[in-house]
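# Structural description and commentary
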Amino acid sequence: MTYKRSEKIKHVNNFNDHLEVITDGSSSTLKLNYFWLRENCRCEKCFNNTTNQRHLTIIDLPDDVKPDSCSFNDGKIKILWSDKHNSIYSLDWIIKYSQPEILPDPILWSGKLSEATTITCNDLNSKTKVADLIRSLIVYGVGFVNGLEPTIDSTEKVVTSMFPVQRTFFGDMWKVEKYLTFLDTAYTNEFIGAHTDNTYFNDAAGLQIFHVMKFEEGGQSLLVDGFRAVNDVENVNPDFVKCLKNVKVESYYSDETRLITHFDSILKYSPCNRLNQIRYNLYDRSPRMVPLPAEQQGLFYRSLRCLARNIQNPNGEWWLKLEPGTAVFINNWRVLHGRASYKGSRILGGCYVSMGDFLSKARMLKVII
Ligand SMILES: C[N+](C)(C)CCCC[C@H](N)C(=O)O
Ligand SMILES: O=C(O)CCC(=O)C(=O)O
């Protein structure tokens, strides 16, 4: 049930451990736990309105706190609590924090995606245009910015006009050629199949920005909607999706100076059980399968192979040629990327942006409310 903002209160009823608020904008009822209301009092004694942090801690309050009296008018609910504290709550605040954040719904795609938003460098001063790019990254997982100079500086300027760059051991802005600066296929001229990055980090980058600044032959880019592939697996066998959601696999990066590993599931879901992230990288997956018992590894491999077949389904692949001057922005929690092998010189610039910083910008521009 999604409540609209600026609804009106029709009734308020007190129950043993919660308040029920009936509004004129929706058929159902808001059920508000008394302790939740009391510990979220926004008066200056309970809450620091400068730092947006609570003053009180939950053990400061009696377990059985409940209203001695309760009234409402003009979109506000006033409560005198049994601990003799007075609180005032706005209905808009209650509605905002009584339901999940509202994001644009994802739209699954296969093959060439003409609906992805493209903006130009000149659009970066427009909140509306930047919001369009961000919306495309939530709805489709892909967006483009063109009009760049074919340089790292120009790429950095475009990205940092919207988001801070996420630093990893690869650096802040990276420049990728066929020299093994790091021990990864990306730093060769070989084919790379569809994958998401950073499965060996706890916090996989939310965005990956690629700008092919120079190329000679080959090196086309591949994009695949990971959420579409998961949907296809669900249609084959829901138990495979459940397995990929529950089994945690180890990924790793190893070179002479570092060994980075991280255990996590390939599919991760939001608290509302919506697919929130795919962490799929067959290249960086570690041989270590424990603690998964050997007798359960058969189901895991059947599940992963089903996902791999759907990811590698040619009908779902979008092959595109990134030209110097155009940067592709990829939602690395949803869309997989890869590239064809190439000959001669090729220079790829880019960077990561954390999912936290991306979603924060989306909230500031009201793409998420
Ligand atoms: C993007 N950049 C070239 C810096 C990293 C390339 C390494 C990607 C790594 N296999 C991963 O999946 O995280
Ligand atoms: O070279 C490319 O276009 C992409 C390389 C890649 O897959 C990566 O850096 O994760």
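Residues numbered from 1 in each chain as written. Chains lettered and ligands numbered in written order. Predicted model: local features only at pLDDT ≥ 70, side-chain atom pairs only at ≥ 80, totals over all residues. Heavy atoms only, no water.

### Describing the overall build of the chain
In terms of regular secondary structure, the chain is built from 8 helices and 22 strands. Referenced to the eigenvectors of the C-alpha coordinate spread, the extents of the chain come out at roughly 75 × 55 × 40 Å. In the chain, which comprises 369 residues, the share counted as buried stands at 49%. Taking contacts inside the chain between residues at least 6 apart in sequence as the whole, the part at least 24 apart equals 71%. For the chain, the accessible area works out to roughly 18400 Å², and carbon and sulfur atoms hold 50% of it. Here the chain holds 44 positive side-chain charges and 42 negative ones, and the gap between their average locations is 2 Å. (Helix = DSSP H or I, 4+ residues; strand = E, 2+ residues; numbered from the N terminus. Buried < 20%, exposed > 50% of the residue type's maximum accessible area, 1.4 Å probe, protein only. Contact = heavy atoms within 4.5 Å. Areas by Shrake-Rupley, 256 points an atom, 1.4 Å probe, with all protein chains shown as cover. Lys, Arg positive; Asp, Glu negative; His and termini not counted. Charge placed at Lys NZ, Arg CZ, Asp CG, Glu CD.)

### Some words on the site of ligand 1
The full set close to ligand 1 counts 14 residues, and Asp184, Asp197, Asn198, Asn281 and Asp284 are the nearest of them. Between ligand 1 and Asp197, the relevant distance is 3.2 Å, taken from an oxygen atom to a side-chain nitrogen or oxygen of the residue. Between ligand 1 and Tyr200, the relevant distance is 3.3 Å, taken from an oxygen atom to a side-chain nitrogen or oxygen of the residue. For ligand 1, the accessible surface in isolation is 380 Å², of which the surrounding protein chains cover 97%. Grouping the constituent residues of the shell around ligand 1 by class yields 7 nonpolar, 4 polar and 3 charged. (Near = heavy atom within 4 Å. Polar contact = N/O pair within 3.5 Å; in protein donor to acceptor, adjacent residues only side chain to side chain. Nonpolar A, V, L, I, M, F, W, Y, C, P; charged D, E, K, R; others polar.)

### Quick look at the nonpolar core
Ile134, Met162, Phe163, Leu207, Ile209, Phe329 and Phe358 are the most contacted members of the largest nonpolar core, which totals 32 residues. Those elements that provide at least two residues to this core are α3 (127-139), α4 (152-160), β13 (207-218), β20 (326-331), β22 (342-353) and α8 (355-364). The element contributing the most residues to this core is α3, with 6 residues. If sequence neighbours within four positions are ignored, Ile209 has contacts with Thr155, Val159, Trp174, Ala327, Val328, Phe329, Gly349, Gly350, Cys351 and Val353. By size, the runner-up hydrophobic cluster in this structure holds 28 residues, among which are Val212, Leu322, Val335 and Leu348. (Core = buried A, V, L, I, M, F, W, Y, C linked by side-chain atoms within 4.5 Å.)

### Examining the site of ligand 2
Lining the immediate surroundings of ligand 2 are Ala186, Ile192, His195, Asp197, Gln208, Phe210, His337, Arg339, Arg346 and Leu348. Asp197 places a polar side-chain atom, nitrogen or oxygen, 2.9 Å from an oxygen atom of ligand 2. Its free accessible area being 300 Å², ligand 2 has 93% of it covered by the protein chains. Elements represented by at least two residues in the shell around ligand 2 include exactly β12 (192-195), β13, β21 (335-339) and β22. Broken down by class, the residue content of the shell around ligand 2 amounts to 4 nonpolar, 3 polar and 3 charged.

### Here we look at the environment of Leu207
Mapping Leu207 onto the fold places it in strand β13. You can call Leu207 buried: its relative accessible area is 0%. Once the C-alpha coordinates of Leu207 and Leu348 are considered, the two residues, 141 residues apart in sequence, prove to be 16 Å apart. The residues contacting Leu207, other than those within four sequence positions of it, are Leu137, Phe163, Phe329, Ile330, Asn331, Asn332, Cys351, Tyr352, Val353 and Phe358.

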